Amino acid sequence: MNAFGQGEFSSHIPVSRFSYVQQIEESFNQMAQRITDLVADNKMLSRAVSHDLRTPIARLRFGLEMLEATKDPTKLVEHLKHLNHDLDEMESLVESLLSYAKMEQAEIHLTKQPVNLVNWLPQLVEHLHPTHQISWQGLSNPAWVMIDKEYASMMFTNCLVNAFRFARNEIHVKITVNSNTIECVIDDDGLGIPEHEREHVLKPFYRLDSASKGHGMGLAIVARIANWHQAQLTLTHSLILNGLRVSFLFKRTSINEGETQKS
């Protein structure tokens, strides 16, 4: 504890199952890990914001100087267009920051209800106006899970938007009903994510070199919401389409509980 008090937040207490304060030791270690994660997120956020804000601000300053020096109406319109683009980029960053900050709140109240993914997920995709061909599998049997529709919608939307962004032509979505679990798998035929970077892309503001757009928040939000739902999130190589495979493994809700309510 002394090391922790001196700022060594990675310090943990050895937990013994024979200790009469075992629960306190485990709680302390959970708190220490939470603080470690927050410090790491804060450092990453500071670096990302520093870079992502400075770039459009520098372009705005340059654009304003060009506006002052330009009298050609055509060029004025062009400069204003660039300025609006930079403002949109800054607004997008602020929205990403606010979304993630909301998820960092200590009290997140989920309103879970039984939802049949077989009916609900295709409807969600339809509202996204998909830009690629989507092949569906496993829609014949009901797949009931307990989810908060608002946050689960955000989770799947971020995942699917990433698939739309990086897929070349095709996306596969498969729902598998097992005895105790429901698995939802999303495959795309994009470049995929190298194995050594799959853990990192689940962190906020981490971007691959190939990711030319976005602020590196999509998969971080996906991971956070999946964790709230006790859903196992896995990123692997897609053997079907040779791109990225994103897998969600949920605990299956009993059929009787699910079928008593509409999805």
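Residues numbered from 1 in each chain as written. Predicted model: local features only at pLDDT ≥ 70, side-chain atom pairs only at ≥ 80, totals over all residues. Heavy atoms only, no water.

Caption draft 1: Spatial organisation of the overall build of the chain. A count of helical and extended segments in the chain gives 7 helices and 7 strands. Counting from the amino terminus, the chain carries its helices and strands in the arrangement α-α-α-β-α-β-β-α-β-β-α-β-β-α. Among the 263 residues that make up the chain, the fraction classed as buried is 38%. Taking the contacts inside the chain whose residues are at least 6 apart along the sequence as the reference set, 68% of them involve residues at least 24 apart. When the accessible surface of the chain is summed, it comes to about 16,100 Å², and 53% of that surface belongs to carbon and sulfur atoms. (Helix = DSSP H or I, 4+ residues; strand = E, 2+ residues; numbered from the N terminus. Buried < 20%, exposed > 50% of the residue type's maximum accessible area, 1.4 Å probe, protein only. Contact = heavy atoms within 4.5 Å. Areas by Shrake-Rupley, 256 points an atom, 1.4 Å probe, with all protein chains shown as cover.)

Caption draft 2: Inspection of the pairing of strand E6 (residues 232–237) at higher detail. Inspection of the sheet shows E6 paired to strand E7 (residues 244–251) by 6 bridges, in the antiparallel sense. Within E7, the position partnered with Gln232 by the bridge is Leu249. (Pairing = 2+ DSSP bridges.)

Caption draft 3: The packing of aromatic side chains, seen in detail. Here the structure, examined in full by the defined rule, presents 5 aromatic pairs. Here the aromatic rings of Phe248 and Phe250 are separated by 6.4 Å at their centres, their planes lie at 25°, and the arrangement is stacked. Owing to a relative accessible area of 0%, Phe248 belongs among the buried residues under this scheme. Owing to a relative accessible area of 2%, Phe250 belongs among the buried residues under this scheme. One aromatic cluster is present, formed by Trp120, Phe156, Phe248 and Phe250 through successive ring pairs. (Phe/Tyr/Trp six-rings, centres within 6.5 Å; stacked < 30°, edge-to-face > 60°.)

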